[in-house]
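Residues per chain, in single letters:
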Protein chains: 2
Amino acid sequence: MTAEIWDVVIVGAGLSGLSAAHLLRKRNPEMTILVLEGKDRVGGRTLSMEIPAANGVDCWDFGGQWVGSTQTHVLDLIKELGLETYLQYNTGKKVHHMGGPNARVRIYSTSIPLLSPLVILDFAQLLWKINRLCATVCVEDPSRTPNAAELDSMTLHSYVEQHAWTAELKEELGMCSRSVFGIEPAQMSFLFFLMYAAASGGLLPLLESTPGSAQELKIKGGTQQLSEHLAERLGWKNVQLGSTVKAIWQDAEWARVMTAINTFMCRAVIVTCPPHLAAKIQYQPALPSQREFLTQNMPVGHMIKFIITYQTAFWREKGLSGEIVAGSSTDCPFCVTFDATSLSGNAALVGFIAGELATQWSSREDWAKEDYSGGCPVNVMAPGLLTYYHPSLRNPCGRIHWAGTETATQWCGYMSGAIQSGQRAALEVLAELCPTVLTQEEQEAVRRGQTVKAPFKRRQSSWLTYLPSGKTLVISTMTISTAVLLARHPNALLKVKSYFTSGLLNNHAQ
Amino acid sequence: MTAEIWDVVIVGAGLSGLSAAHLLRKRNPEMTILVLEGKDRVGGRTLSMEIPAANGVDCWDFGGQWVGSTQTHVLDLIKELGLETYLQYNTGKKVHHMGGPNARVRIYSTSIPLLSPLVILDFAQLLWKINRLCATVCVEDPSRTPNAAELDSMTLHSYVEQHAWTAELKEELGMCSRSVFGIEPAQMSFLFFLMYAAASGGLLPLLESTPGSAQELKIKGGTQQLSEHLAERLGWKNVQLGSTVKAIWQDAEWARVMTAINTFMCRAVIVTCPPHLAAKIQYQPALPSQREFLTQNMPVGHMIKFIITYQTAFWREKGLSGEIVAGSSTDCPFCVTFDATSLSGNAALVGFIAGELATQWSSREDWAKEDYSGGCPVNVMAPGLLTYYHPSLRNPCGRIHWAGTETATQWCGYMSGAIQSGQRAALEVLAELCPTVLTQEEQEAVRRGQTVKAPFKRRQSSWLTYLPSGKTLVISTMTISTAVLLARHPNALLKVKSYFTSGLLNNHAQ
C-alpha cells in the first residue's frame, strides 16, 4: 500500500464533485485533482439509461431529470458543455385523484386542481402565509430568520395542522411534501421547509412545470451527460470509480483519504456525498459534535421513480397533459406523474412513489438500495437542527470542505444546487491553497462563507404569488373561487362569461 | 485471516450484551458465545472511575448511576450478583434558579419547586394531560396508540406550546427534556416522549429521586461492576475488547461478523450498540429501508456529566439536599445537580450540562467523544418515525437480533432497559437455535415479540399522580396552589395552618 500524493481529493463524482473539480482546474490548470467515487459510474443522483420502447431502445432519466430557467448554475453549465434543453410537455388537462380510491377523479387545466372554493381559498391563504414567511428566511444562515427557534421547533405537519382549514388541503400538502422531498410532512422541520422553498424562489416553483419552476425543462440526451462531460474534460484518469472512501485522517501537513486498498495524501479534501453517507466516513480527529449531530439526523427521502412506455401517447390525443396528482394509497401508490415522451417520440409517463409508501415498496428493486446514494431526492432536517447546528453543514473542518446539493443556498436539493455547492467548495479550496488566483471579491466571499454569484431573481410569474397583501388576497381568492365554482357549472358559466377574462377561466370554458 | 466459529456473537459488552450472554449461558451452558467490544473496557454507557477527593482517592460513576425500585430487571441482577444499593441523598431543601442569571434563587423542599400558584396549576394540568396520554400509549407498538400519527407528527415543544399556559412552565419542561434526554424539546417526537415516560411509569418517575423514580438508588462500588461481574461469569476469554465490528454479512448458513482483522462465523448475532452506531456497521444483504431510515434518524442526546469534590458537604450543614435545578445559560451551563457524596464520606456534587449547551461545551473533553458511545444518555426519535418505522427497531433481520436500552419496553433508556433488551434478544436467539430449552410460554412470547416477565407495576406514590380526574384535579391543584401561596406569606400562614395537614405544607412551615 503506497500513498499517492495529490493537491485535492474530491469524494464523490456527482455533479457537485465534478463541478468542483472543473472550477479548480479552470482556475489553476497546474493543480492535481483526484475524484473518488464509490459507484461504478459518474453522475451521483443522476442516471440516464436506455430501456426498450415502442420505436426501439430509447434513453430516459432515472434520477434528477428537470431543470428550470431560474436555475442559473445548471443552465450555465449546460451552455458551457454545449448541451440543449427542451420544455417539459404540459399541454392539456391534468388529472387529480385525491381522497382515496373511491373519490371522484377531477380533470382540470388550471395550475392548481379544481378543488372546492373553500379549499382554494384555504390554499390561497396558506400559500400567502408560507410565502410571507419564506421572504423572511435567511437561507445562508436560517438561525437568523425572525422567530427561527419557533419555526424550527415544529414539523411541517404541525404548521399545516394549525394554519390550514380544510382536510383536503392538508391532504394536498402531504402529497406535496412526499413528491418534493420523498418525506412525510411529520418528519421535517418547518423552518427547513421554508428555507428550501426560499432557496428556490417560493413554494410554487417547487411544485410546478411552468416557467421558472423545478419541472420546467429537460436536457436532450439526459442529465447524466453533465457529469460525463465534466469527467471527460477533467480527464478520466483523474476519476477513480468503485473507490469507496472509508476514512479521512488529518494532521498538521496532510489529509489522508483512505479507501479499502489505497491511501491518498492531499492538501485539501472536498466531501460531496449526501450528509448521512458523509457521516459514515471515519474521521480523525473526530469532527465537532455539532457536525456529527447534524449529519446523523438529516433524514433522506424515499422516492421510487418509474417510467412506463406506451405504444402511443394516448393521453395527448385525449387532450390530457399526462400529469396526474394522486392521493397515495395501497391501491394507487404513486403521488404524481408527468408526460415523459422522448424527443424521438417514444410515448412514456414518469411517476413517483414517495414517502412512507416508498419504504413499503422498497422490497422491490429501488433507488434507496443503489449503493452510495442511500435514498433520494435529498436529505431534509428534522426539527430543532437548523437553529442549533446548521453552520456545521458548510463550515470546513480543517482541510475538509463540504459540498453536495444539501449545502446549497440556491436551489438546495436540485442539480443546480449541487453545482453551486461544488463551485463554492472549490473557491474555498483555492482560497486555502492558491489565493492569488482568486479576485479580491471572491476571497472576501469565501471569508464570509458565501459564493460571489449574484443571487438569482425570485420568480414572480405565478398568479398566486402576485397576491401582495391580506386585503388583495381575499378579493383575489374570492374571484378565483367564484371562477372555479362557475366553471364546474357550465350552464351558469355563459351568463357571467364576460366578467372573466383570465386564462384560468378561458381554459375552463374550452 | 482465519474465521473462528461460534454459536452466537454479541456486538457490544455493555449491560445489554453481557446480560444477553449471561442468559444464553444459563439456559444453554454448551453454547459458545463471543462478545466483541470496540472500547478497551466493558460497561458501555456505565463507567466507574477513581478520582482524588478530600479523604483520598474514591470511586464515582461517570455514566449511568441510578437505579429505582420499580426497575425490576436491574434490581434482580444486582441481587443475583451479590451487590448492594443505597439511597440517593435527598434530605433537605432544594435550590431552583430558572429565568436567567438575574432571576431570583428559590429554596424549596417540596417535590416540585415553589413556583407561583399559576405555574403550579399549569404544571398540574399539563402533567395530568400527559399522564392521561401516557396511560393510552402502547409501549410495545406505539403505532397502536390512539391518535398515534398525530402525536408522532409533533415535537414535544409543539405540544407544550399548545398546552402549557405559562412561560415559566415551558422553561421548566425544556430543562426536563435536557436533563432526561440530553435533547432539546424541539428535537423529539411527542409520541416518543410519551412512550418513554410510559415505559417508566409516568413523567414524574423520570424526574425525581423519590421511591420508584429514576434517581432513587445508587450501587455500592459503582454501576460498572454489573458488567464486570457478568464478564467474569461469562469468562473473560469470551470477551474481546478493542474489537470494532465493521461489517456483518449473512448467507443461508452463517452470519459473518467482521472486525478490521478477524472474521467470526456464527449462527446468530445480537447487536446491542446505540442505534446510530449500529447504523454505521456495513450489512450484507442490506437491511430493510425501514430499519435504515429509523436508525439513521434517532438523534442521540448530548449530556456532559461532572463531579465536583469538596472538603465538606457544606450544603448538608445548611439544610440543603445538594439538588439544584437551573435554567441553563452561558453563565450557568448545568441544568441539574445532586448530592454525590460517597459512602466513605467524600463530599461531592454531580451535575449535568445537557442539550444544545452540551454540544457547545463539547470542545472540552466530553462523553460524546468517548468512542463507541457517540453521545448519551440515549437515542430519541425525531417526529414521524415511531408510527412508520418503529417495528424495525426490534424485528430481527435474518440472523441478526437487536438489543440495547433503546429497544426496551420497560425503563427504555435506562440500565434496567438495557438488561431487559439483552434478555429479550437472548430468548429470541434460543428460540432459533435451541427452542427446547425454552418453556412453551417463552416460545409464545418470542413469537409475539414480547418477553415473558410480568409488566412492572406503575408507580402511584407521587401526590400529583393521584389526581384521578379533571374535577378532582382542579380542587387539588387549587389547594396546593393556595398552600404554596400561603407558605410564601408566613404571616397569613398561621391563620389557616389548621386547614392544611399535608406534608407539603408542613415542610414549608418548618
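Just so it is clear, the model here is predicted, and its values are computed rather than measured.

**Observations concerning the relation of the copies chain B and chain A**
Now for step 1: Superposing chain B onto chain A takes a rotation of 180° combined with a translation of 0.0 Å along the rotation axis, leaving an RMSD of 0.0 Å. On the angle and the small slide along the axis, the relation comes out as a two-fold axis. Residues of chain B ranked by C-alpha distance from the rotation axis are headed by Asn-297 of chain B, positioned 2.4 Å from it.

**Considering the pattern of salt bridges**
Now for step 1: The tally for this structure, following the rule as stated, stands at 24 salt bridges over all chains.
Now for step 2: Residues Lys-280 of chain A and Glu-292 of chain B are paired through a salt bridge, measuring 3.9 Å at the closest nitrogen-oxygen approach. One end of the pair, Lys-280 of chain A, is in the loop between helix 10 (275-278) and strand 16 (282-284); the other, Glu-292 of chain B, is in helix 11 (residues 289-295), on a second chain.
Now for step 3: Judged by its relative accessible area of 22%, Glu-292 of chain B falls in the partly exposed class.
Now for step 4: Lys-170 of chain B is the salt-bridge partner of Glu-161 of chain B, the closest N and O atoms lying 3.5 Å from each other.
Now for step 5: Under the relative-accessibility criterion, Glu-161 of chain B is labelled partly exposed at 31%.

**Quick notes on the UniProt feature "binding site: FAD" (unreviewed entry) in chain A**
Residues and elements named next belong to chain A.
Now for step 1: Summarizing the sequence annotation, UniProt attributes the feature "binding site: FAD" (unreviewed entry) to Ser-16, Val-245 and Glu-406 in the numbering used throughout.
Now for step 2: Inspection of the secondary structure assignment puts Val-245 in the loop between strand 11 (239-240) and strand 12 (247-250).
Now for step 3: By relative accessible area, which is 10% here, Val-245 ends up buried.
Now for step 4: In contact with Val-245, other than residues within four places in its own chain, are Val-11, Leu-36, Val-257, Met-258, Thr-259 and Ile-281.
Now for step 5: Along the chain, the position of Glu-406 falls in the loop between strand 21 (400-402) and helix 15 (415-433).
Now for step 6: For Glu-406, a relative accessible area of 4% corresponds to the buried category.
Now for step 7: Leaving out residues up to four positions away in the same chain, Glu-406 has contacts with Arg-45, Pro-274, Pro-275, Met-298, Val-378, Asn-379, Leu-393 and Cys-412.
Now for step 8: A distance of 2.9 Å separates the side chain of Glu-406 from the backbone nitrogen of Asn-379, its partner in a polar contact.

**As for the packing of helix 2 (residues 72-80) of chain B against helix 9 (residues 224-234) of chain B**
Residues and elements named next belong to chain B.
Now for step 1: In contact at an axis separation of 11 Å, helix 2 and helix 9 are set at 60° when each is read in the N-to-C sense. One way to sum up the angle between helix 2 and helix 9 is to call them oblique. The two elements helix 2 and helix 9 meet at a crossing, and its hand is left-handed. From helix 2, Val-74, Leu-77, Ile-78 and Glu-80 reach across to helix 9, where they touch Leu-226, Leu-230 and Arg-233.
Now for step 2: Of the residues belonging to the contact of helix 2 with helix 9, the class tally is five nonpolar, no polar and two charged.

**Quick word on the sheet that holds strand 9 (residues 106-108) of chain B**
By definition, the strands of a sheet pair up through backbone hydrogen bonds, in either a parallel or an antiparallel sense.
Residues and elements named next belong to chain B.
Now for step 1: The strand order 9-8-18-19-20-17 describes an open sheet built from six strands, whose pairing is mixed. Of all strands in the sheet, those with a lone pairing partner are strand 9 and strand 17 (303-310), marking the two edges. Along the sheet, successive strands turn relative to each other by an average axial angle of 20°, direction set aside.
Now for step 2: Sheet contacts for helix 6 (residues 167-181): strand 8 (93-97), strand 17, strand 18 (320-326), strand 19 (334-339) and strand 20 (347-354); angle to strand 17, the most-contacted strand, approximately 85°.

Here is what the cut-offs are and how they apply
Residues numbered from 1 in each chain as written. Chains lettered and ligands numbered in written order. Predicted model: local features only at pLDDT ≥ 70, side-chain atom pairs only at ≥ 80, totals over all residues. Heavy atoms only, no water. Least-squares fit on C-alpha atoms with pLDDT ≥ 70 in both. Salt bridge = Lys/Arg side-chain N within 4 Å of Asp/Glu carboxyl O. Helix = DSSP H or I, 4+ residues; strand = E, 2+ residues; numbered from the N terminus. Buried < 20%, exposed > 50% of the residue type's maximum accessible area, 1.4 Å probe, protein only. UniProt positions renumbered as here; feature names shortened; annotations may be inferred. Contact = heavy atoms within 4.5 Å. Polar contact = N/O pair within 3.5 Å; in protein donor to acceptor, adjacent residues only side chain to side chain. Axes fitted to C-alpha atoms, helices over the stretch in contact; angles between N-to-C directions. Parallel < 35°, antiparallel > 145°, perpendicular 65-115°, else oblique. Left-handed = near helix turned anticlockwise from the far one by under 90°. Nonpolar A, V, L, I, M, F, W, Y, C, P; charged D, E, K, R; others polar. Pairing = 2+ DSSP bridges.

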